[in-house]
Amino acid sequence: MVGYDPEAKCVSSAEAAAAGSASGLVTRVLVSPLDVLKIRFQLQIEQLSSRNPAAKYHGIRQAVQRILREEGLTAFWKGHVPAQLLSVGFGAVQFMAFESLTELVHTATSFNARHSFVHLVCGGLAACTATVAVQPVDTLRTRFAAQGEPKIYPKLRHAVVTMYQTEGPRTFYRGLTPTLIAIFPYAGLQFFFYNILQQFSKRVIPAEATSGGSIKDLVCGSCAGVLSKSLTYPLDVVKKRLQVGGFEHARAAFGQVRTYGGFLDCMRQIMREEGPGGFFKGLSPSLLKAAFSTGLIFFWYELFCGLLCAMKSPESTKRMEG
């Protein structure tokens, strides 16, 4: 279902956008706590270890307990409104662009639109398109998830106005360069591995065993998410560090803060002060999130597309007319 298939095309670009946005909405609610943990870990300068007394967070269990104690359960959904806007907007643009690009490949070139490498390129381009569209919302989401108590930004509107007045419109696109550099291979590899795993599953799972189709989509998506995230994670850390630039006063309660002059300067400072391990801070919750979120995104997308196709089938139309 993911990607253009001339033999089974039953979802329009608009319907792909609707299915993508719906899958993003449902998935975001479920994975938001892991996203908050990942961002907190990525932004911490100190080593993530109990042996470092200056470190606020040591590991997943300790971080969960501390956030619950200091900020309450709702802290795991900090920034949820901009995060939902991000997920809904990103899902809509990404899947609509992906379906359109794979259809273009089929109609305008001699390449097979179902080939894994076509999905790699089209998936990366679709994600870049979606990223440019929703980057301001991603920056807002990161700042809300990063702030402690007392809050610097109590409401979304206050955050937008304050950031625009004090830092200018360009602040909403902080970290765009590493985001685009990271998102092309990350999203491309998601679609690439998902396509490969789906093809592999068709060879090893009997065709008549269709009842486990949804579980198969979930497993293939989860594996694709873990593989792609592992290969592109350092760029995600750099992006998050850059997105909170100019926001240092709200980070004081979390430990040391740094100011970065750009993409290369951020990489140099992380390597010099934190070593290679600094580029993999928050990897554990990030892999958990990648497994859950990517698996659920593809699961819900396939499910919603399947429902849309079923609603347009002749049998469904006859029942509605009857």
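In short, a report on the structure. Just so it is clear, the structure is predicted and the values come from calculations on it, not from any experiment. For every chain, the first residue of its written sequence is number 1, and the numbers climb from 1 along that sequence. Local features in this predicted model are restricted to residues of pLDDT 70 or higher, and side-chain atom pairs are both shown and tallied only at a pLDDT of 80 or more, whereas totals for entire chains, interfaces and linings draw on every residue. In computing side-chain properties, one takes all heavy atoms of the structure into account and sets aside hydrogens as well as water.

Some details on the packing of helix α4 (residues 116–146) against helix α6 (residues 176–204)
Note the threshold: Every angle, taken between N-to-C directions, lies between 0 and 180 degrees, and every axis is a line fitted to C-alpha atoms, over only the stretch in contact when it is a helix. Only DSSP runs of H or I reaching four residues or more are called helices, and only runs of E reaching two or more are called strands; each is numbered from the N terminus. When describing relative orientation, an angle under 35 degrees is termed roughly parallel and one over 145 degrees roughly antiparallel, while 65 to 115 degrees is termed roughly perpendicular and anything else oblique. Should the near helix be turned counterclockwise from the far one by less than a right angle, the crossing is left-handed, whereas a clockwise turn marks it as right-handed. Note on residue categories: nonpolar means Ala, Val, Leu, Ile, Met, Phe, Trp, Tyr, Cys or Pro, charged means Asp, Glu, Lys or Arg, and polar means any other residue, Gly included.
Relative orientation of the contacting elements α4 and α6 amounts to 140°, with a least axis distance of 7 Å. Accordingly, the angle class assigned to the pair α4 and α6 is oblique. In this structure, α4 meets α6 at a crossing whose hand is right-handed. Of the residues belonging to the contact of α4 with α6, the class tally is 16 nonpolar, ten polar and no charged.

With respect to the side chain of Glu 99
Threshold: Type-normalised accessible area, obtained with a 1.4 Å probe on protein chains alone, sets the label of each residue: buried when under 20%, exposed when over 50%, and partly exposed for intermediate values. The definition of a polar contact used here is a pair of N or O atoms within 3.5 Å, where within protein one atom must be able to donate a hydrogen and the other to accept one, and adjacent residues in sequence count solely through side-chain atom pairs.
Relative to the elements of secondary structure, Glu 99 occurs in helix α3 (residues 80–108). By relative accessible area, which is 3% here, Glu 99 ends up buried. Looking at Glu 99, its side chain comes within polar contact range of the side chain of Tyr 301, at 2.7 Å.

Describing the layout of surface pockets
Leftover empty space is mapped by rolling, across the atoms, a probe with the size of a water molecule. So the rule is basically this: Here a cavity denotes a set of grid points, spaced 1 Å apart and computed over the protein atoms alone, in which a 1.4 Å probe fits but from which it cannot get out, and a pocket denotes an open set meeting protein on both sides within 12 Å along at least five of seven lines; residues with an atom within 4 Å of a point are reported as lining. Grid points are joined across faces, edges and corners, and a volume is the space filled by probe spheres set on the points.
In this structure, the second largest pocket occupies an estimated 230 Å³ of space. Taken together, 17 residues form the lining of the second largest pocket, with Lys 78, Gly 79, Phe 144, Lys 151 and Pro 154 sitting closest to its centre. No other element matches α3, which puts three residues into the lining of the second largest pocket. Tallied by class, the residues present in the lining of the second largest pocket amount to eight nonpolar, four polar and five charged.

A closer look at a nonpolar patch on the surface
Cut-off, in case you're wondering: Only residues whose relative accessible area exceeds 30% and that form no salt bridge enter a patch; like-charged residues are grouped when within 9 Å of one another, and nonpolar side chains (Val, Leu, Ile, Met, Phe, Trp, Tyr) when within 5 Å. What sets the accessible areas is the Shrake-Rupley method with a 1.4 Å probe; for residues, cover comes only from the shown protein chains. When a carboxyl oxygen of Asp or Glu is within 4 Å of a side-chain nitrogen of Lys or Arg, the pair counts as a salt bridge.
Where nonpolar side chains cluster on the molecular surface, the patch consists of Leu 25, Val 29, Leu 30, Leu 68, Leu 73 and Trp 77 and spans about 540 Å² of accessible area. At three residues, the largest contribution of residues to the nonpolar patch is made by helix α1 (residues 13–43). Position of Trp 77 among the secondary structure elements: in the loop between α2 (60–71) and α3. By relative accessible area, which is 33% here, Trp 77 ends up partly exposed.

Considerations on the pattern of salt bridges
A full pass over the atoms with the stated rule returns 16 salt bridges. With its nearest N and O atoms 3.6 Å apart, the salt bridge here joins Asp 35 to Lys 38. Here Asp 35 pairs with Lys 38, and both are found in helix α1, just three residues apart, close to one helical turn. On the basis of relative accessibility, which here comes to 3%, the residue Asp 35 falls in the buried class. According to the relative accessible area criterion, Lys 38 is buried, its value standing at 3%. Through salt bridges with shared partners, a single ionic network connects Arg 28, Asp 35, Lys 38, Asp 138, Lys 229, Asp 236, Lys 239, Lys 240 and Lys 289.

Everything listed is a geometric property; what it means functionally is a separate question.
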